[in-house]
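Report on the structure
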Amino acid sequence: MKHLIDIKDLSTEEIDGLIEVAKDIIANKEKYSKKCEGKKLATLFYEPSTRTRLSFESAMMELGGNVLGFSSANSSSAAKGESVADTVRVIGGYADIIAMRHPKEGAPLVAAMKSEVPIINAGDGGHNHPTQTLTDLLTIQCEKHRLSDLTIGVCGDLKFGRTVHSLITAMSRYTNIKFVLISPNELKIPDYIKKDVLEKNNIEYIETQDIEEYMSDLDILYMTRVQKERFFNEDDYIRLKDYYILNKEKLEKAKEDLCIMHPLPRVNEISTDVDDDKRACYFKQAKYGKYIRMALILKLLEIN
Ligand code: NCD
């Protein structure tokens, strides 16, 4: 049985296969509408979510399956002190597959060790978010028609932003990828990503605090929110939260075919005047999330 805890759990061939299935789902929705009849997905969300949870649920429904679950730790037995390991053992008797989001890094891995059904990590603390990365890869493939030969700017909270950690890990497998890592000093990418991912794979990267400095080189600009919930100190959050605000003016030197992405939710980091720019891809990106999750559910349930 296979789980998805880290994007590294999938080979490049498997990722490319999921992207192909997702594209086929987009083109032939009807063909997939009964594939999961009689199957149930449980969404165990111990941390807030809109897109991830609802896109998982909508994905399962569009495959003809059913969904159950909870959307906050307070409304589950976690509030009574039940461990994640016990919860998944029980839910495995009610559902065929589980998507779990948890504030503690590693919680979905612990769950996978005890679970009798596949576990999907839907975000664990400031660590990983592999299904957001699959969403991002499908978006890049559909919008840029390639996953290689790209200069990718990643901007904002690179320290706590789990989507960034998974995205850099995934993109490092493709050829001729360069990163421009744009963040305030306090929110720089963790050393383990630099050493174990970027340097190990000989990926070129530059760190800067200036969002405009390399704007004209970028094929993709991936904006992120400052992760308020991971800060220990409210004053630090307030000081850093509006460090970057992308607006039309800052895009003046950007390429005509730049793809602006954001995992959402957006707070202030992209001004709404960018939303009608043809380079703004973030709302499309959220839509792609449903299709890649449909492909993933089929794969983990071994349904063709
Ligand atoms: C991201 C997350 O939860 O890490 N959101 C999402 O899943 N689309 C990004 C964020 O919350 O900033």
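Residues numbered from 1 in each chain as written. Predicted model: local features only at pLDDT ≥ 70, side-chain atom pairs only at ≥ 80, totals over all residues. Heavy atoms only, no water.

**Considerations on the environment of Ala111**
Relative to the elements of secondary structure, Ala111 occurs in helix 4 (residues 107-114). For Ala111, a relative accessible area of 0% gives the class buried. As a C-alpha pair, Ala111 and Lys200 span 89 residues in sequence and 29 Å in three-dimensional space. Those residues in contact with Ala111 that sit more than four places away from it in its chain are Val84, Val88, Met100 and Ile119. (Helix = DSSP H or I, 4+ residues; strand = E, 2+ residues; numbered from the N terminus. Buried < 20%, exposed > 50% of the residue type's maximum accessible area, 1.4 Å probe, protein only. Contact = heavy atoms within 4.5 Å.)

**With respect to the state of the cysteines**
If you walk through the whole model with that rule in mind, you get zero disulfides. In this structure Cys281 is a free cysteine whose sulfur lies 3.2 Å from that of Cys259, the closest cysteine sulfur available. (Disulfide = S-S within 2.5 Å.)

**What to know about helix 1 (residues 12-27)**
Taking 1.5 Å of rise per residue, 16 residues should cover 22 Å, and helix 1 covers 23 Å from first to last C-alpha, within 8% of that figure. Structurally, helix 1 contributes buried residues whose contacts are with helix 5 (130-144) and helix 9 (282-300). (Expected span 1.5 Å × (residues − 1).)

**Things to note about the domain arrangement of the protein**
Here the domain parsing of the protein yields domain 1 (7-129 + 289-300) and domain 2 (131-286). Domain 1 and domain 2 are separated by 25 Å when their C-alpha centres are compared. Surface buried jointly by domain 1 and domain 2 totals about 2400 Å² across both partners, of which 58% is contributed by carbon and sulfur atoms. Sorting the residues of domain 1 by area buried against domain 2 places Ile7, Arg51 and His129 first, and these three jointly supply 29% of that buried surface. Taken together, the connections running from domain 1 to domain 2 amount to two salt bridges. For the salt bridge of Glu47 with Arg162, the shortest nitrogen-to-oxygen distance reads 3.1 Å. At the junction of domain 1 and domain 2, the tally comes to 18 residue pairs in polar contact (both at pLDDT 80 or more). Every element with two or more residues in the side of domain 1 that touches domain 2 is listed here: helix 1, helix 2 (51-62), strand 3 (97-102), strand 4 (119-124) and helix 9. Counting residues per element, the side of domain 1 that touches domain 2 draws most heavily on helix 1, at seven residues. Grouping the amino acids of the side of domain 1 that touches domain 2 by side-chain chemistry returns twelve nonpolar, twelve polar and nine charged. (Domains from an automatic or database assignment. Buried area = accessible area lost by both parts, 1.4 Å probe. Salt bridge = Lys/Arg side-chain N within 4 Å of Asp/Glu carboxyl O. Polar contact = N/O pair within 3.5 Å; in protein donor to acceptor, adjacent residues only side chain to side chain. Nonpolar A, V, L, I, M, F, W, Y, C, P; charged D, E, K, R; others polar.)

**Overview of the packing of helix 5 against helix 6 (residues 162-171)**
Following both chains from N to C, one finds helix 5 and helix 6 inclined at 55°, their axes separated by 8 Å at the closest point. On the basis of the axis angle, helix 5 is oblique to helix 6. Of the two possible hands of crossing, helix 5 and helix 6 adopt the one that is right-handed. Touching Pro130, Gln132, Thr133, Asp136, Leu137 and Ile140 of helix 5 are Thr163, Ser166, Leu167, Ala170 and Met171, all from helix 6. Across the contact of helix 5 with helix 6, the residue classes break down as six nonpolar, four polar and one charged. (Axes fitted to C-alpha atoms, helices over the stretch in contact; angles between N-to-C directions. Parallel < 35°, antiparallel > 145°, perpendicular 65-115°, else oblique. Left-handed = near helix turned anticlockwise from the far one by under 90°.)

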